[in-house]
Amino acid sequence: MVHYKLIYFNLRGRGELARLILHHQEVAFEDFRFEREEWTKYKTGTPFGQVPVLEVDGKPLAQSNAIARYLARQHGLAGQNEWEQSQADMYVDCIYDLISGTRPIIHESDKEKQKEILQKFLKETVNPHLEKLEQQLIKNGTGFLVGKSITWADLAYYSFFSPMTERFGDSVMDNSPHLKKLVEHVANIPQIKKYVETRPKTTL
Amino acid sequence: MLIETFYRQIGSEIVTNKSFKFSMPVYKLHYFNNPRRGRAELSRLIFSQAGVQFEDVRFSHSEWPNIKPTTPFSQVPILEVDGQVLAQSNAIARYLARKYGLAGKDEWEQAQTDMYIENIHDLLNAAAVPFMEKDPAKQKELYQKFMTDTIASHVVAVEKQLKKNNTGYLVGKQLTAADLAYYAFFSDFIEVKFGGAFLKDAPLLKSLIDRVKALPNIKKWTEFRDSKYPEEN
């Protein structure tokens with residue numbers, strides 16, 4: 001049995017997708033979390049001064065998406081063929097861009113300015129993306145983003161949009177009924193539900 | 001089914017069914033003609049290194065409003081593969097790298113290759129901030145910060161990884177899209193814009209960049225594109 005150690009902050013953030021993949025496929029792993037204040041302790045041990053890092057039998061792999069993709073492929077959540085795999089990659093890359101877009105918002109200390117940047121982000125980035133995404137979901141016609149069954153792409157969208165609605169309300173997906181349905185579906189998967197109920201409660 | 005009918009069926013499939021192919025897929029890569037190379041170049045390098053034909057579609061910014069709604073997510077690059085569309089520069093590069101033997105020899109090496117490509121993606125995103133700055137004085141300041149904060153520490157880290165791998169390549173014992181990605185970013189962009197000083201304490205990275213630059217197919221491509229698209233330099 002290969003030993004996985006996922007090293008990340010005690011946050012969801014860019015580590016959560018890997019955790020969701022492993023929980024969904026019921027693969028055991030060491031979910032190593034540390035608090036922000038401890039970061040300097042762990043930073044120098046990472047390949048590129050960043051986390052998450054996945055250790056596979058002690059060998060390190062960096063970059064949140066490289067980690068999640070590796071786990072998805074190893075454990076049957078990456079798509080049924082090369083083309084589906086690349087489509088799933090595409091969707092996860094879209095989520096990566098959206099996560100990056102939230103950083104200026106998270107780091108803004110002025111509440112008024114934060115609200116302003118958030119509104120701009122929703123209007124100029126998130127909503128246009130959701131419009132296109134609904135079209136893709138309708139076109140695929142299976143309820144899932146890729147092919148006929150769940151892939152890590154669906155988990156990635158759940159991982160981003162579930163906290164978004166938690167923070168900003170249900171209206172985030174008002175015009176995206178297909179995505180809303182998908183996010184709800186993922187939330188109700190027994191393994192996901194159980195993990196979400198028992199994981200540490202974190203703001204991000 | 002009778003053998004005869006079987007072969008007749010196959011025969012008519014070959015003649016009438018467009019998706020029944022023996023030949024290479026038809027690739028069309030779509031991107032802006034400016035700014036410089038940017039997020040499409042890694043895929044072009046992969047195509048070139050692998051010796052795979054592709055249509056290198058470039059359009060002007062004035063044409064973009066008409067093209068934008070036809071893309072999956074209002075962004076480019078996009079890759080058409082026999083008419084089916086894939087978006088996201090890294091998904092495209094990864095798909096091509098895996099298909100044409102430039103993604104490492106096994107799943108673990110593929111993950112390492114992905115990791116390096118994603119490092120470059122982050123660096124490109126970080127470079128976009130000063131790149132987009134309109135005020136020349138502010139831009140100079142931001143680029144300076146980018147070089148001393150972001151680039152310097154990354155070069156130290158990747159030099160360490162190259163030393164650890166000890167093969168001259170980023171991943172395993174042979175060329176992968178990871179090496180092409182680092183060449184594209186560090187040579188084509190950073191070195192051209194800021195000079196080679198940042199490589200003075202990174203002999204392994206410098207050696208890798210030079211090695212990729214000198215690969216026959218890469219050399220052929222860069223010479224072709226530099227003469228055809230001089231505005232990018």
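Residues numbered from 1 in each chain as written. Chains lettered and ligands numbered in written order. Predicted model: local features only at pLDDT ≥ 70, side-chain atom pairs only at ≥ 80, totals over all residues. Heavy atoms only, no water.

Bringing the UniProt feature "domain: GST C-terminal" (unreviewed entry) in chain A into the picture now. Mapped onto this structure's residue numbering, the UniProt feature "domain: GST C-terminal" (unreviewed entry) falls at residues 81-204 of chain A. Here residues 81-204 of chain A runs as 75% helix and 0% strand, with 34 Å between its end C-alpha atoms. (UniProt positions renumbered as here; feature names shortened; annotations may be inferred. Helix = DSSP H or I, 4+ residues; strand = E, 2+ residues; numbered from the N terminus.)

What follows concerns the interface of chain B and chain A. Facing 36 residues of chain B, the contacting portion of chain A comprises 30 residues. Contact between chain B and chain A buries roughly 2900 Å² in total, counting both sides, with carbon and sulfur atoms accounting for 57%. Considering only the surface of chain B that becomes buried against chain A, Phe73, Gln88 and Trp108 of chain B emerge as the three largest contributors, covering 25% of it. Across the contact surface, chain B and chain A share 5 salt bridges. (Contact = heavy atoms within 4.5 Å. Buried area = accessible area lost by both parts, 1.4 Å probe. Salt bridge = Lys/Arg side-chain N within 4 Å of Asp/Glu carboxyl O.)

Okay, the environment of Trp152 of chain A next. Locating Trp152 of chain A in the fold gives a position in helix H6 (residues 152-168). Considering only alpha carbons, one finds Trp152 of chain A and Thr44 of chain A, 108 residues apart in sequence, at a separation of 30 Å.

What follows concerns the sheet that holds strand E2 (residues 30-34) of chain A. Residues and elements named next belong to chain A. Taken in spatial order, the 4 strands make up an open sheet running E2-E1-E3-E4, and their pairing is mixed. Of all the strands in the sheet, the pair left with one neighbour each is E2 and strand E4 (59-62). Between one strand axis and the next, the sheet turns through 20° on average, direction left out of account. Bridge count between strand E3 (residues 53-56) and E4: 4 bridges; the pairing is antiparallel. The partner of Val53 across the bridge, within E4, is Ala62. Across the sheet, helix H1 (residues 16-24) lies against strand E1 (4-9) and E2, angled at about 145° from E1, the strand it touches most. Sitting on the sheet, helix H3 (residues 64-74) touches E1, E3 and E4, and the angle it makes with E4 is about 115°. (Pairing = 2+ DSSP bridges. Axes fitted to C-alpha atoms, helices over the stretch in contact; angles between N-to-C directions.)

Attention now moves to the packing of aromatic side chains. The tally for this structure, following the rule as stated, stands at 28 aromatic pairs over all chains. These aromatic residues form a ring-pair network of at least three members: Phe48 of chain A together with Tyr116, Tyr182, Phe185, Phe186, Phe189 and Phe198 of chain B. Positioned over the ring face of Tyr96 of chain A is Arg14 of chain A, at 4.4 Å from the centre of the ring. A cation sits over an aromatic face here: Arg58 of chain B above Tyr229 of chain B, 3.6 Å from the ring centre. (Phe/Tyr/Trp six-rings, centres within 6.5 Å; stacked < 30°, edge-to-face > 60°. Lys NZ or Arg CZ within 6 Å of the ring centre and 35° of its normal.)

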